[in-house]
Amino acid sequence: MNMRGLWLRSHRWVGLAIALPLLLVSLSGAVMVFEDQIDRALNPQVSCVTPGGQVLAPSDVVRRAAAAFPDAQLGALTFPDRPDYALQISATSKALGPFTVGVDPYTGQILGTRTAAAREAGLARRIHLLHTRLFGGQVGEWIVGTITFLTLFMAVAGLVLWWPRKIVTVMTTASGRRINFDLHNVFGFYASAVFLFIALTGMMIAFEDWADPLFMKLNEFPVAELARESVDTAPQSMSVDALASAASAALPGAFLRGLTIPRGGKGAVTAMRSEEHTSELQSRGLIS
């Protein structure tokens, strides 16, 4: 068998072998793009609010949550990126375990709670687990990673097979078999860049235990070049309002995405630095 025949058989049989699981991963991935929207739509009582007035200071929100759940340890605030979304506070208690509190950022009203178990059982999270692990835990994640690697191989093999003929148009006057052949070549060629990119990034996600340390080392850029930055507190304790002010001073014009609630003088603020994201939020009236 010549080299082209080997590439052809490999391309064909690998495609047949991964067709069904690849279809599941692809469809669930397409739905997962709307994971947050699905989760909020299914849980509007703790996720959505009616915009109105000025948002409360972070310290006011924390004080109200602490009063509502005196036995809980509050963890971090996640600020909404839309005016009709609720602010979320992570917390943990002996009675509920890890849970999330939804708070109206305009009135401070406690909208409700969601436990970690309830979130894991939600439809959006189930779709996420189907896409990333096929409901198979760590083994399922490796299987998805292997499928992704084979998808990468399919894209490369397809380009190798496409190269001698370089078909970029469909001969519409030919037989049905030839039209189908041309469609496969044309679609495969133009989609190959997308397949390669998705497969490469998908493999990095699936095998993050190996990929993350590598990227951490490669991404040792100066602070000013990072997409997200943290502001550490001074040795003395700082309030959440002081932390938010520190973030604004360090990243003028950035959108405050979340902050941890200080304990024993320790806390960190994470702010989005993306100019595009900031412009979008300005157009929505979230920031000035």
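Data block above holds the structure.
Because the structure is a prediction, the values reported are computed rather than measured. (Residues numbered from 1 in each chain as written. Predicted model: local features only at pLDDT ≥ 70, side-chain atom pairs only at ≥ 80, totals over all residues. Heavy atoms only, no water.)

1. Points about the side chain of His 131
Considering the arrangement of structural elements, one finds His 131 in helix α6 (residues 123–133). At 2.8 Å, the side chain of His 131 and the backbone oxygen of Val 25 are in polar contact. His 131 has contacts with Val 25, Ser 28, Gly 29, Met 32 and Val 144, leaving out every residue within four places of it along the chain. (Helix = DSSP H or I, 4+ residues; strand = E, 2+ residues; numbered from the N terminus. Polar contact = N/O pair within 3.5 Å; in protein donor to acceptor, adjacent residues only side chain to side chain. Contact = heavy atoms within 4.5 Å.)

2. Quick word on the pattern of salt bridges
As enumerated under the stated definition, the model contains seven salt bridges in all. Residues Arg 119 and Asp 39 are paired through a salt bridge, measuring 3.6 Å at the closest nitrogen-oxygen approach. Here Arg 119, found in helix α5 (residues 116–121), pairs with Asp 39, found in helix α2 (residues 35–42); they are 80 residues apart in sequence, far enough to count as distant. The salt bridge partner of Arg 63 is Asp 60, with a shortest N-O separation of 2.3 Å. Taken together, the positions of Arg 63 and Asp 60, both in helix α4 (residues 58–68) and three residues apart, correspond to about one turn of that helix. It is possible to trace a salt-bridge network through shared partners that takes in Asp 39, Arg 114 and Arg 119. (Salt bridge = Lys/Arg side-chain N within 4 Å of Asp/Glu carboxyl O.)

3. Section: the packing of helix α7 (residues 137–162) against helix α8 (residues 176–206)
Contact geometry for α7 and α8: axes closest at 8 Å, N-to-C directions at 150 degrees. Relative to α8, α7 is oriented roughly antiparallel. Where α7 crosses over α8, the two elements pack in a sense that is left-handed. Here α7 contributes Glu 141, Gly 145, Thr 148, Phe 149, Leu 152, Ala 155, Val 156, Leu 159 and Trp 162 to the contact with α8, which in turn contributes Asn 185, Phe 189, Ser 192, Phe 195, Leu 196, Ile 198, Ala 199, Leu 200, Gly 202, Met 203, Ile 205 and Ala 206. Residue composition of the contact of α7 with α8, by class: 15 nonpolar, five polar and one charged. (Axes fitted to C-alpha atoms, helices over the stretch in contact; angles between N-to-C directions. Parallel < 35°, antiparallel > 145°, perpendicular 65-115°, else oblique. Left-handed = near helix turned anticlockwise from the far one by under 90°. Nonpolar A, V, L, I, M, F, W, Y, C, P; charged D, E, K, R; others polar.)

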